[in-house]
Amino acid sequence: MAGAQDSRLAIAVCEAGGLGSVPCGMLNAEQIVNEIRAVRSATDKPFNLNFFCHEMPEFDIEKQLVWQDTLAPYFAEMDIECPPPVESASRMPFNHEIADAIEPFNPEIISFHFGLPDKDLMKRVKGWGSRVLSSATTLDEAVWLEENGVDGIIAQGYEAGGHRGMFLSDDLSAQVGMFSLARQITQSVNVPVIAAGGIADAEGVAAAMKLGVDAVQVGTAFLLCDEATTGTVHRKALQQKRAQYTALTNLFSGRPARGIVNRAMSELGYLNESAPAFPYAATEITQLRQRFESAGRDDFTPLWCGQNVSGCKSIPAAELLKQLAANIA
Ligand SMILES: Cc1cc2nc3c(=O)[nH]c(=O)nc-3n(C[C@H](O)[C@H](O)[C@H](O)COP(=O)(O)O)c2cc1C
């Protein structure tokens, strides 16, 4: 969960018997190496490295200026200047530089979000022996992933918090809930399937496993755990009644992602056509976020969260994992 955790949560999960993931989508090669070293020095259990693999769009300065105009009233409200647009991105796709940096560590498992990287990168990753996972949000995506060499498929249901891993279509009406998706995928592919989306307690785990999946993936329920890096305003929102109101929004990055509805989403619309393409929508809004957060406000914070917050608990991750696994023999 990029932005809400680092190796600390991954280590706790691995040590407790789960497969902890280190989110690398917002890190550079050096930071990724530091994270790998941190995990390897704390546990000898296998762990997962997670990357984004979106195609970087052309930086469109005109689009960026339109976005700045849309956000101008909020910059004025907080009495800050919006600097001229510059090409910079906090979310970079998996690339050869990163592959060079992680190869010496022989990572056991690598997962991708937004499809798969180019064939030559896939060849490298598979060549050094990593098992590869990726998210599918439709049956078509699952079949495509299997055809393109994944070792396992994460069936990411519509309920899930954070970015939709969608990559074959941008039609949100074709996105599928976890129960329907996991079932269709298990009946259609031969690789292991991992159910994700809305799973928050032992009963949810058991119900998902009954669909014939091989494992489950849980995100939202860990957001309040001691080891998560979830920010203060985000933690607060997760514990409020409003956490039941989530929506898919492109405002914070340019791609649809599920989060708790906040002021930015209410006033600008969940899906705003003037938001620049992923990942360039994030630049200006991050400055607003920081300013509002310094005043204790979540108006411009991406409050990533799935539809089911019932499992969020302020406890150690090992304890949460134990509770989630209570019905597994
Ligand atoms: C705060 C947050 C950040 C996330 N970041 C990532 C990410 O960096 N990479 C990724 O593959 N999935 C990410 N996800 C999606 C999760 O991998 C997973 O699909 C989802 O959390 C499962 O649904 P749930 O949130 O209902 O448990 C994120 C989810 C959340 C809640």
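Residues numbered from 1 in each chain as written. Predicted model: local features only at pLDDT ≥ 70, side-chain atom pairs only at ≥ 80, totals over all residues. Heavy atoms only, no water.

1. Looking at the site of the ligand
The immediate surroundings of the ligand are formed by 19 residues, with Ala 2, Asn 50, Gly 198, Gly 219 and Thr 220 found nearest. Measuring from an oxygen atom of the ligand, one finds a backbone N or O atom of Gly 198 at 2.8 Å. At a separation of 3.3 Å, an oxygen atom of the ligand approaches a polar side-chain atom of Gln 217. Protein burial of the ligand: of its 590 Å² of free accessible surface, 95% is covered by the chains. (Near = heavy atom within 4 Å. Polar contact = N/O pair within 3.5 Å; in protein donor to acceptor, adjacent residues only side chain to side chain. Areas by Shrake-Rupley, 256 points an atom, 1.4 Å probe, with all protein chains shown as cover.)

2. With respect to the packing of aromatic side chains
Applying the stated rule across the entire model yields eleven aromatic pairs. For the ring pair Phe 52 and Phe 114, a centre distance of 5.3 Å and an interplane angle of 40 degrees mean the geometry is tilted. Residue Phe 52 is located in strand β2 (residues 48-52), and its partner Phe 114 is located in the loop between β3 (109-113) and α5 (119-127); the two are separated by 62 residues in the primary sequence. This pair shows no difference in class: Phe 52 is buried, exactly as Phe 114 is. Through a chain of ring-to-ring contacts, three or more aromatic side chains come together here, namely Phe 51, Phe 94 and Phe 112. (Phe/Tyr/Trp six-rings, centres within 6.5 Å; stacked < 30°, edge-to-face > 60°. Helix = DSSP H or I, 4+ residues; strand = E, 2+ residues; numbered from the N terminus. Buried < 20%, exposed > 50% of the residue type's maximum accessible area, 1.4 Å probe, protein only.)

3. Regarding the packing of helix α1 (residues 7-15) against helix α2 (residues 29-42)
Running from N to C, α1 and α2 cross one another at 30 degrees; their axes reach a closest spacing of 10 Å. Taken together, the axis directions place α1 and α2 in an arrangement best described as roughly parallel. In this structure, the crossing between α1 and α2 has a hand that is right-handed. Only Glu 35, Ala 38, Val 39 and Ala 42 of α2 make contact with α1, whose side of the interface consists of Ser 7, Ile 11 and Glu 15. Tallied by class, residues from the contact of α1 with α2 come to four nonpolar, one polar and two charged. (Axes fitted to C-alpha atoms, helices over the stretch in contact; angles between N-to-C directions. Parallel < 35°, antiparallel > 145°, perpendicular 65-115°, else oblique. Left-handed = near helix turned anticlockwise from the far one by under 90°. Contact = heavy atoms within 4.5 Å. Nonpolar A, V, L, I, M, F, W, Y, C, P; charged D, E, K, R; others polar.)

4. Concerning the nonpolar core
If you look at soluble globular proteins, the nonpolar side chains tend to sit buried side by side. Membership of the largest hydrophobic core comes to 61 residues, with the highest contact counts inside it found for Phe 51, Phe 94, Ile 102, Phe 112, Ile 153, Ile 185 and Phe 222. Here this core gets six residues from one element, more than from any other, and that element is α1. Discounting chain neighbours no more than four positions away, the residues touching Ile 102 are Ile 32, Ile 36, Leu 49, Phe 51, Phe 94, Pro 107, Ile 110 and Trp 128. Core analysis: the second largest hydrophobic core is formed by 20 residues, Ala 257, Ala 264, Ile 285 and Phe 292 among them. (Core = buried A, V, L, I, M, F, W, Y, C linked by side-chain atoms within 4.5 Å.)

5. Topic: the pairing of strand β9 (residues 246-249)
What you see with β9 is no split at all: Thr 246 and Leu 248 on one side and Ala 247 and Thr 249 on the other are buried throughout. Bridge count for β9 against strand β10 (residues 257-260) is four bridges, and the pairing is antiparallel. Counterpart to Thr 249 in the pairing with β10 is Ala 257. (Pairing = 2+ DSSP bridges.)

6. Observations regarding the pattern of salt bridges
One side chain can pair with another of opposite charge once the charged atoms of both are near each other. The tally for this structure, following the rule as stated, stands at twelve salt bridges. Residue Glu 15 pairs with Lys 45 through a salt bridge whose shortest N-O separation is 3.7 Å. Of this pair, Glu 15 sits in helix α1 while Lys 45 sits in the loop between α2 and β2; the two residues are 30 residues apart in sequence, bridging distant segments of the chain. In this structure Glu 15 comes out as partly exposed when scored by relative accessible area, which is 44%. Beyond isolated ion pairs, a larger network of salt bridges with shared partners links Glu 77, Arg 263, Glu 267, Arg 297 and Asp 299. (Salt bridge = Lys/Arg side-chain N within 4 Å of Asp/Glu carboxyl O.)

7. Looking at a negative patch on the surface
A cluster of like negative charges, contributed by Glu 58, Asp 60, Glu 62 and Glu 87, occupies part of the molecular surface. With respect to the helices and strands, Asp 60 occurs in the loop between β2 and α3 (61-77). (Patch = residues over 30% accessible without salt bridge, like charges linked within 9 Å, V, L, I, M, F, W, Y side chains within 5 Å. Lys, Arg positive; Asp, Glu negative; His and termini not counted. Charge placed at Lys NZ, Arg CZ, Asp CG, Glu CD.)

8. So, the side chain of Asn 48
With respect to the helices and strands, Asn 48 occurs in strand β2. For Asn 48, the side chain forms a polar contact with the side chain of Ser 21, separated by 2.9 Å. Excluding anything up to four places from it in sequence, Asn 48 contacts Leu 19, Gly 20, Ser 21, Val 22, Ile 109, Ile 110 and Ser 111.

9. Brief notes about unusual backbone geometry
The omega torsion of the bond from Phe 278 to Pro 279 falls at 5 degrees, within 30 degrees of zero and hence cis. Relative to the helices and strands, Pro 279 is located in the loop between α10 (263-268) and α11 (282-294). Although it is not a glycine, Asp 79 sits at a positive phi angle of roughly 60 degrees. Along the chain, Asp 79 falls in the loop between α3 and α4 (96-102). For Asn 106, which is not glycine, the phi torsion reads 45 degrees and is therefore positive. Inspection of the secondary structure assignment puts Asn 106 in the loop between α4 and β3.

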